[in-house]
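Results of the structural survey
Chain residues, written in single-letter form:
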Amino acid sequence: MSQTKFNVRKVAVLGAGVMGAQIAAHLVNAKVPTILFDLPAKDGDKNGIVLKALDGLKKLKPSPLAGQDVVAHIQPANYDDHLHLLKDCDLVIEAIAERMDWKADLYHKVAPHLGEHTIFATNTSGLSINALAQSCPDSVRPRFCGVHFFNPPRYMHLVEIIPCVTSDAHILDNLERFLVSTLGKGVIRAKDTPNFVANRIGVFSMLATIANAAKYGIRFDVVDDLTGPRLGRPKSATFRTADVVGLDTFAHVVKTMQDTLPQDPWHGLFQTPDWMQKLIAAGALGSKTKAGIYKKD
Ligand code: NAD
């Protein structure tokens, strides 16, 4: 276990989805060598999911890329062939789908390959960091914590660091120094409570808005106008934000609130509306599938 200051020089990101790919782009923009992992693609192209994600970055607006060639600096990888590359990484950020069981499976797979000093951090939106730490071996638990970037990670200043009971203070300090000095982020340390700080407030507010829109029969675009540009948030509004986040991810975050806050006086609000569940079942997950609440992003 590290007792001293050290610099994060190389990073691996696990998961090339909405967040993982953009976090990787943000890292290489800051000149940090970065490896981006995902599952092997079913069509036989083992790096296919990552390569498609990197291609998608070029079309995203606002662009997560500072220069045209940034994507070329991200090293594509998959869990079949490249786990040995993890041992040289000072920081590994897990950003796969918001499912405790899937994250646990992946931790069992990657933990034996982490370097002796590697910081292992999850970008979960709100799953329990202490529960996730249970899927890490004893040797990794002191180096495990939450590192919650917001979407889009290049533009959102805030990052939450969420320690678990076993997190080593020096690891947290080294991670915070990296986020602030190298990535220019503003960091808060949050307690390991459901959805931490920002999502507990933000998702609550989205759910309340969605419920009121249904109650008073207000159209999505009208609600978005009221909760976006008219509040001085041109890129952010209720339903558009849900599309950008991903409706499946939004539903997982809502489920965390539903499962873990049974005594909350607002518990009845913690539900994914039926119409959104139907969209998810149809594979219309928002911007990432080019179909969601709004037909196109
Ligand atoms: P996503 O659905 O866009 O991508 C998830 C990635 O996980 C995919 O590339 C997929 O191939 C991979 N994956 C799926 N199942 C897997 C498995 N069993 N093993 C390994 N990899 C698997 O998700 P996302 O929106 O990028 O979210 C990733 C994490 O970041 C989640 O924990 C989410 O809660 C969190 N997060 C999301 C947002 C957001 O706005 N979307 C913001 C902050 C944090």
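A quick note: this is a predicted structure, and the numbers were derived from the prediction, not measured.

1. Observations regarding the overall build of the protein chain
- The secondary structure content of the protein chain amounts to ten helices and eight strands.
- For 297 residues, the compact-globule estimate of 2.2 N^0.38 gives 19 Å, and the C-alpha radius of gyration of the protein chain, at 19 Å, lies within 12% of that figure.
- If you sum the accessible surface of the protein chain, you get close to 14300 Å²; carbon and sulfur atoms cover 57% of it.
- Averaging the locations of the 34 positively and 29 negatively charged side chains of the protein chain gives two centres separated by 5 Å.

2. Things to note about the sheet that holds strand β7 (residues 158–163)
- In space, the eight strands of this open sheet follow the order β3-β2-β1-β4-β5-β6-β7-β8, with mixed pairing throughout. Each edge of the open sheet is held by one strand with a lone partner, namely β3 (74–78) and β8 (186–189). Strand-to-strand twist in this sheet, taken as the mean axis angle between neighbours without regard to direction, amounts to 25°.
- The pairing of strand β6 (residues 144–149) with β7 spans five bridges and is classified as antiparallel. Looking at β7, one finds that glycine 146 is bridged to isoleucine 162.

3. Regarding the environment of alanine 169
- Looking at the secondary structure, you find alanine 169 in helix α5 (residues 169–182).
- Each C-alpha atom, one on alanine 169 and one on arginine 143, is 9.2 Å from the other, the two residues being 26 residues apart in sequence.

4. Concerning the pairing of strand β1 (residues 11–14)
- Side chains of β1 alternate between two faces, with Val11 and Val13 and Ala12 and Leu14 buried alike.
- Where β1 and strand β2 (residues 34–38) come together, four bridges link them in parallel fashion. Each bridged residue has a counterpart across the sheet, and for valine 13 the counterpart in β2 is leucine 36.
- At this point the chain moves from β1, through helix α1 (residues 18–29), to the parallel β2, and the crossover so formed is right-handed.
- In terms of strand pairing, β1 meets strand β4 (residues 91–94) through four bridges, oriented parallel. Counted as the bridge partner of valine 11 is leucine 91 from β4.

5. Considering the site of the ligand
- In the neighbourhood of the ligand, 21 residues make up the surrounding shell, with Asp38, Glu98, Ser125, Val245 and Lys288 lying closest.
- Methionine 19 places a main-chain nitrogen or oxygen 2.8 Å from an oxygen atom of the ligand.
- Within the contact set of the ligand, an oxygen atom lies 3.2 Å away from a backbone nitrogen or oxygen of isoleucine 96.
- Contact with the protein chains covers 87% of the free accessible surface of the ligand, which is 840 Å².
- When contributions to the shell around the ligand are tallied by element, the ones reaching two or more residues are α1, α3 (100–110) and β6.
- Partitioned by chemical class, the residues of the shell around the ligand number ten nonpolar, seven polar and four charged.
- Inspection of the shell around the ligand shows a minimum of three residues originating in each of domain 1 (11–189) and domain 2 (198–289).

Cut-offs and rules
Every chain begins its residue count from 1, and numbering advances along the sequence as written. Only residues with pLDDT of at least 70 get local features here, since the model is predicted, and only at 80 or more are side-chain atom pairs given and counted; chain-wide, interface and lining totals rely on the full set of residues. Computation of side-chain values covers all heavy atoms of the structure but excludes hydrogens and water. Secondary structure counts use DSSP, requiring at least four H or I residues in a row for a helix and at least two E residues in a row for a strand, with both numbered from the N terminus. As defined in this context, the radius of gyration uses C-alpha atoms, and a globule is described by 2.2 Å times the residue total to the power 0.38. Each accessible area is a Shrake-Rupley result for a 1.4 Å probe, and residues are judged covered by the shown protein chains and nothing else. Here the positive residues are Lys and Arg and the negative ones are Asp and Glu; neither His nor the chain ends is included. Lys charges are placed at NZ, Arg charges at CZ, Asp charges at CG and Glu charges at CD. We treat two strands as partners when DSSP finds at least two bridges between them. Only C-alpha atoms enter the line fits that serve as axes; for helices the fit covers just the stretch in contact. Angles between N-to-C directions range over 0 to 180 degrees. Only protein chains enter the area calculation, which uses a 1.4 Å probe; residues under 20% of their type maximum are buried, those over 50% are exposed, and those in between are partly exposed. Handedness is read with the strands pointing away from the viewer; a crossover is right-handed when the path from the first strand over the helix to the second is clockwise. Nearness is defined per residue: one heavy atom within 4 Å of the molecule or strand is enough. Pairs of N or O atoms are called polar contacts if they sit within 3.5 Å, as long as, within protein, a hydrogen donor faces a hydrogen acceptor (for residues adjacent in sequence, only side-chain-to-side-chain pairs). Ten residue types, Ala, Val, Leu, Ile, Met, Phe, Trp, Tyr, Cys and Pro, are classed as nonpolar, four, Asp, Glu, Lys and Arg, as charged, and the remainder, Gly among them, as polar. The domain boundaries here were taken from an automatic or database domain assignment.

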